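# Observations on the three-dimensional arrangement
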There are 2 protein chains.
Amino acid sequence: MTNKQTQFPIAVIGSGPAGLAAANTLLALGHQPVIFEKEKITGGKLSRWHQLFPGFISAAEIQEQLIGPLKKASVKISTETEVKTMKPDSGGLEIETASGEKIIAKGAVWASGYTEFDARRKEEYGYGLYKNVLTSADVEEMLAKDGKLPFDSADVKRIGILHCVGSRDEKVGNTYCSKVCCICAVKQAIEMKKLYPSAEVFNFYMDLRLFGKGYEELYREAQMDWQVNFIRGRVSELAEDQQGKIRMKTEDTLTGVPMKMTLDFVILMVGMEGKRFSFLSENKNTDGSDFISYPENFTGENQTALPNVMVAGACKGPSTIVDAMNDGKSAALALHQYLISQAEK
Amino acid sequence: MTNKQTQFPIAVIGSGPAGLAAANTLLALGHQPVIFEKEKITGGKLSRWHQLFPGFISAAEIQEQLIGPLKKASVKISTETEVKTMKPDSGGLEIETASGEKIIAKGAVWASGYTEFDARRKEEYGYGLYKNVLTSADVEEMLAKDGKLPFDSADVKRIGILHCVGSRDEKVGNTYCSKVCCICAVKQAIEMKKLYPSAEVFNFYMDLRLFGKGYEELYREAQMDWQVNFIRGRVSELAEDQQGKIRMKTEDTLTGVPMKMTLDFVILMVGMEGKRFSFLSENKNTDGSDFISYPENFTGENQTALPNVMVAGACKGPSTIVDAMNDGKSAALALHQYLISQAEK
């Protein structure tokens with residue numbers, strides 16, 4: 001039994017969850033995927049995460065499950081290779097990398113992922129200036145690397161976690177919700193209580209968007225078992241005092257009470273942003289974001305302006321890992337069907 | 001070029017978005033799917049919806065896009081056929097229907113969908129007793145059928161929309177969030193303003209879980225362009241007055257102000273519930289819900305206790321239509337890979 005459709009490669013751009021799932025799917029359908037990854041290492045953001053919500057599953061483990069079958073099948077992964085443009089070619093698709101290399105492929109799955117919101121843009125929070133202000137991404141990386149944060153347990157009395165940094169914020173131009181920060185904040189709050197059992201942890205949120213399986217349960221666990229505090233309020237300002245501690249100003253919007261609090265360190269839950277790609281200009285988004293737009297027709301949401309290029313994952317908008325993976329599979333299937341329809345002509 | 005893996009059928013249980021997407025995928029992969037649908041008509045809940053969030057796309061149109069290719073390929077769809085049990089058989093899988101028919105299949109995708117929360121269980125809202133209390137599902141069905149509701153425009157001054165009916169409510173045993181009701185409520189609020197331009201529309205919510213693409217934008221549109229009111233508060237009671245109008249008691253939890261209001265009619269945003277299946281008992285959920293559980297390992301979330309049965313869509317938990325479709329594709333792929341691995345043995 002054979003299932004080979006073509007010996008010509010299919011390009012997969014990005015080796016995050018969407019790209020890896022797409023590559024695995026293409027492989028299962030008898031295609032020969034080749035992966036282009038602009039970073040030095042594979043896995044996308046997953047390569048820097050520690051444990052995933054809501055079940056605290058190891059990010060490295062998931063990455064291995066996604067990469068393992070590709071390695072076994074000797075799928076070529078070119079790291080430090082940024083794809084700059086794609087254009088139709090008589091053979092299918094001409095792909096040009098940043099270094100000027102040109103590749104002809106039958107088609108491509110574009111899964112370039114998202115960019116973290118640059119927390120320095122929220123000047124009022126002092127990220128990059130105050131050493132005790134971290135981002136959620138910093139926390140993941142530190143925990144993945146060392147299993148701890150650079151604060152002495154004895155000194156830490158109060159930790160603040162600020163939701164929606166760079167999300168739902170017209171001042172920075174992002175009106176959309178980044179979808180996963182709320183549940184990531186709940187997970188990190190529990191992790192902070194594990195690292196600093198005697199510290200109080202305060203989450204400052206606007207809405208608790210705990211929409212997924214096990215999310216609400218984790219929120220309850222955070223409250224009931226770990227005594228994490230949740231305060232509805234948007235923090236207006238952070239300032240560093242002479243001891244390096246962080247003074248915070250907010251208002252509890254459920255009670256209307258203005259609050260001031262001194263925190264030992266603060267975690268900013270940074271949202272997701274997109275990136276614009278010139279050759280996908282017809283996929284320019286109308287909502288002002290730099291995510292790649294797609295037809296909102298429910299059945300063709302992986303399609304781009306180029307018929308043999310499908311788009312998948314968080315480059316289309318904020319996404320959970322499982323949703324990005326399923327979207328990667330969906331894109332690979334759409335490409336498979338397109339290529340078969342062309343071959344039958 | 002041929003892609004036929006087997007001439008033996010694959011059973012797809014359920015003809016909602018997940019099942020139809022799974023059947024289309026199986027077809028594209030060279031399998032012969034047969035669909036079992038317990039209702040009289042195909043499409044699952046989609047067959048009763050009017051327009052979908054956030055883009056007001058016609059539900060009938062999406063259904064046609066999903067069913068069209070199956071009809072063209074003469075895929076057999078057995079309506080009024082409820083699958084009762086499945087068990088391993090030497091040929092693969094023995095499927096027994098409620099009428100006692102037995103079918104041998106190579107494998108199956110279980111996509112049986114969700115059940116609407118029965119609003120009568122929230123006795124304090126009087127659904128089924130007060131004629132001016134509808135559910136969100138009633139509204140969709142009425143709009144799909146007639147394009148209107150049975151209330152005279154001149155009489156309607158105030159409309160109430162209650163979020164989280166049967167969701168995030170320990171009293172009815174559902175602690176989880178049903179994910180799509182918030183955005184559906186925003187969509188229906190706009191639809192009410194279109195039908196009753198001079199009426200005031202009040203949405204009573206706990207958190208606004210507008211996590212998806214275009215959701216936040218639709219919420220803004222509802223506020224800015226349609227003057228829909230959003231009040232944070234859980235409604236404690238509805239009562240019918242002598243004119244059939246609805247008296248409502250709540251508290252604005254942002255200001256702490258108790259509120260009483262008379263409404264011409266009320267829409268209850270009913271959540272999603274699962275259904276338990278005895279033969280999937282190893283997939284019993286630990287969160288107390290009747291959704292089918294699955295391994296939370298990110299890469300194998302379509303698997304069940306039976307190796308040739310994959311599970312997909314809203315029977316696993318609340319889901320959007322696109323996510324259910326992508327999960328259906330993912331399940332079909334997982335089954336395809338399993339069958340290939342068996343054939344290679």
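It should be emphasised that the depicted structure is a prediction, and the values quoted were computed from it without experimental measurement. Every residue gets a number counted from 1 within its own chain, in the order that chain's sequence is written. Each chain gets a letter, beginning with A, and each ligand a number, beginning with 1, in the order they are written. Given that the model is predicted, a residue must reach a pLDDT of at least 70 before its local features are reported, and side-chain atom pairs must reach 80 or more before they are shown or counted; all residues, however, enter totals for whole chains, interfaces and linings. Side-chain descriptors were evaluated using all non-hydrogen atoms of the structure, hydrogens and water having been removed beforehand.

### Considerations on helix 3 (residues 136-146) of chain A
Residue and element names in this part refer to chain A. Think of it in three bands: residues with accessible area under 20% of the maximum for their type are buried, residues over 50% are exposed, and the middle band is partly exposed, with areas taken using a 1.4 Å probe on protein chains only. Numbering of helices and strands runs from the N terminus, with a helix taken as a DSSP run of H or I at least four residues long and a strand as a DSSP run of E at least two residues long. For helix 3, the complete set of buried residues consists of Ser136, Ala137, Asp138, Val139, Glu140 and Leu143. Against the buried residues of helix 3 lie strand 3 (51-52), strand 10 (115-116), strand 11 (133-135), helix 4 (181-195) and strand 18 (265-270). Phi for Gly147, located one or two positions after helix 3, is positive at around 75°. Between two residues, a contact is recorded if the distance between any of their heavy atoms is within 4.5 Å.

### A look at the domain arrangement of chain A
Residue and element names in this part refer to chain A. Throughout, the edges of the domains are those of an automatic or database domain assignment. If you check the domain split of chain A, you get domain 1 (9-114 + 274-343) and domain 2 (119-270). Between the C-alpha centres of domain 1 and domain 2 the distance comes to 31 Å. Facing the 14 residues of domain 1 at the interface are 21 residues of domain 2. Overall, the association of domain 1 and domain 2 removes approximately 1,500 Å² of surface from exposure, summing both partners, and the carbon and sulfur fraction of that is 67%. Reported buried area values correspond to the accessible surface (1.4 Å probe) lost by two parts on association, with both partners' losses combined.

### Examining the packing of helix 1 (residues 17-28) of chain A against helix 2 (residues 59-72) of chain A
Residue and element names in this part refer to chain A. Axis definition: a line fit to C-alpha positions, over the contact stretch in the case of helices; interaxial angles, taken between N-to-C directions, run 0 to 180 degrees. Look at helix 1 against helix 2: their axes get within 10 Å of each other, and the N-to-C directions meet at 40°. When the axis of helix 1 is compared with that of helix 2, the two are oblique. Here the hand of the crossing between helix 1 and helix 2 comes out left-handed. Side by side, helix 1 and helix 2 meet where Pro17, Leu20, Ala21, Ala23, Asn24 and Leu27 of the first sit next to Leu66, Ile67, Pro69 and Leu70 of the second. A class-by-class count of the residues in the contact of helix 1 with helix 2 yields 9 nonpolar, 1 polar and no charged. Note on terminology: angles under 35 degrees are roughly parallel, angles over 145 are roughly antiparallel, angles of 65 to 115 are roughly perpendicular, and the others are oblique. The handedness criterion is simple: a crossing whose near helix is rotated anticlockwise from the far helix by less than a right angle is left-handed, and one whose near helix is rotated clockwise is right-handed. In this classification, Asp, Glu, Lys and Arg are treated as charged, Ala, Val, Leu, Ile, Met, Phe, Trp, Tyr, Cys and Pro as nonpolar, and every other residue, Gly included, as polar.

### Remarks on the packing of aromatic side chains
Only Phe, Tyr and Trp rings take part, Trp by its six-membered ring, and two of them pair if their centres are within 6.5 Å. Stacked means planes under 30 degrees apart, edge-to-face means over 60, and tilted covers everything else. Going through the model one piece at a time under the given rule, you end up with 15 aromatic pairs over all chains. Between the aromatic rings of Phe211(A) and Phe211(B), the centroid separation amounts to 4.0 Å while the plane-to-plane angle is 20°, which identifies the pairing as stacked. Here the residue Phe211(A) occupies a position in the loop between strand 13 (200-205) and helix 5 (215-224), and Phe211(B) occupies one in the loop between strand 13 (200-205) and helix 5 (215-224), the pair thus bridging two chains. With a relative accessible area of 3%, Phe211(A) lands in the buried category. We call a charge positioned over a ring when the NZ of a Lys or the CZ of an Arg lies within 6 Å of the ring centre and within 35 degrees of the ring normal. Of note, Lys45(A) hangs over the ring of Tyr114(A), and the distance from its end group to the ring centre comes to 4.6 Å. Positioned above the aromatic ring of Tyr294(A), the side-chain terminus of Lys316(A) is 4.4 Å from the ring centre.

### Thoughts on the relation of the copies chain A and chain B
The second copy of the chain is related to the first by a rotation about an axis and a shift along the axis. A least-squares fit on C-alpha atoms brings the copies together, and the residues used are those whose pLDDT is at least 70 in both copies. Superposing chain A onto chain B requires a rotation of 180° together with a translation of 0.0 Å along the rotation axis, leaving an RMSD of 0.0 Å. On this basis, the relationship between the two copies can be described by a two-fold rotation axis. Interface residue correspondence from chain A to chain B reaches 100%, placing this contact among same-surface, isologous pairings.

### Brief notes about the sheet that holds strand 20 (residues 309-311) of chain A
Strands in a sheet are paired, the pairing made by backbone hydrogen bonds, and the direction either parallel or antiparallel. All names here are of chain A. In space, the 5 strands of this open sheet follow the order 5-2-1-9-20, with parallel pairing throughout. This sheet does not close on itself; its edge strands, each paired only once, are strand 5 (76-78) and strand 20. Each strand axis lies, on average, 20° off the axis of its neighbour in the sheet, ignoring direction. Strand contacts of helix 1: strand 1 (9-13), strand 2 (32-36) and strand 9 (107-110), with the helix running at about 165° to strand 2, the strand carrying the most contacts. Helix 6 (residues 321-343) rests against strand 1, strand 9 and strand 20 of the sheet, and its axis sits at about 160° to strand 20. Two strands make a pair as long as DSSP finds a minimum of two bridges between them.

### A closer look at the state of the cysteines
Residues and elements named next belong to chain B. Criterion for a disulfide: a pair of cysteine sulfur atoms at a distance within 2.5 Å. A full pass over the atoms with the stated rule returns 0 disulfides over all chains. Here Cys181 stays free of any disulfide, with the sulfur of Cys177 as its closest cysteine sulfur at 6.6 Å. Classification of Cys181 as buried rests on a relative accessible area of 11%.

### Quick look at the sheet that holds strand 12 (residues 158-165) of chain B
All names here are of chain B. If you walk across this open sheet you meet the 5 strands as 11-18-12-13-14, and the pairing is parallel. Unpaired on one side and paired on the other, strand 11 (133-135) and strand 14 (229-232) mark the two borders of the sheet. Adjacent strand axes in the sheet meet at a mean angle of 25° when their direction is disregarded. In this structure, strand 12 lies alongside strand 18 (residues 265-270), joined through 5 bridges in parallel fashion. Pairing of Val165 across the sheet is with Val270, part of strand 18. Against the sheet, helix 4 (residues 181-195) makes contact with strand 12, strand 13, strand 14 and strand 18, and its axis sits at roughly 155° relative to strand 18, the strand it touches most.

### Here we look at the pattern of salt bridges
One side chain can pair with another of opposite charge once the charged atoms of both are near each other. The term salt bridge refers to a pairing of a side-chain nitrogen on Lys or Arg with a carboxyl oxygen on Asp or Glu at a separation within 4 Å. Under the counting rule described, the total for this entry stands at 44 salt bridges over all chains. The partner of Lys87(B) in a salt bridge is Glu94(B), and the shortest N-O contact between them spans 3.9 Å. Accessibility expressed as a relative area gives 46% for Lys87(B), which makes it partly exposed. Through salt bridges with shared partners, one network takes in Arg168(A), Asp207(A), Arg209(A), Arg232(A) and Glu216(B).

### Considering empty space enclosed by the protein
All names here are of chain A. Using only the protein atoms, space was sampled on a 1 Å grid; points where a 1.4 Å probe fits but cannot get out form cavities, open sets with protein on both sides within 12 Å along at least five of seven lines form pockets, and lining residues are those with an atom within 4 Å of a point. Grid points are joined across faces, edges and corners, and a volume is the space filled by probe spheres set on the points. Under the counting rule described, the total for this entry stands at 7 cavities of 30 Å³ or more. One number sums up the size of the largest cavity: a volume of about 80 Å³. What lines the largest cavity is simply Cys164, Ser167, Arg168, Cys177, Ser178, Lys179, Cys181, Cys182, Asp207 and Arg209. Each residue belonging to the lining of the largest cavity can be placed in one class, and the counts come to 4 nonpolar, 2 polar and 4 charged.

### A look at the interface of chain A and chain B
Contacts between the two partners involve 56 residues from chain A and, on the opposite side, 57 residues from chain B. The contact between chain A and chain B buries some 5,100 Å² in all, and 53% of this surface belongs to carbon and sulfur atoms. Between Arg209(A) and Glu216(B) there is a salt bridge, and its shortest N-O distance comes to 2.8 Å. Polar contacts, as used here, are pairs of N or O atoms within 3.5 Å; protein pairs need one atom able to donate a hydrogen and one able to accept it. Residues neighboring in sequence count only if both atoms are side-chain atoms. There are 20 residue pairs in polar contact (both at pLDDT 80 or more) connecting chain A and chain B. For the side of chain A that touches chain B, the secondary-structure elements that each account for two or more residues are helix 1, helix 2, helix 5 and helix 6 of chain A. Broken down by element, the side of chain A that touches chain B gets its largest block of residues, 13 residues, from helix 6 of chain A. Of the residues that constitute the side of chain A that touches chain B, the class distribution is 24 nonpolar, 15 polar and 17 charged.

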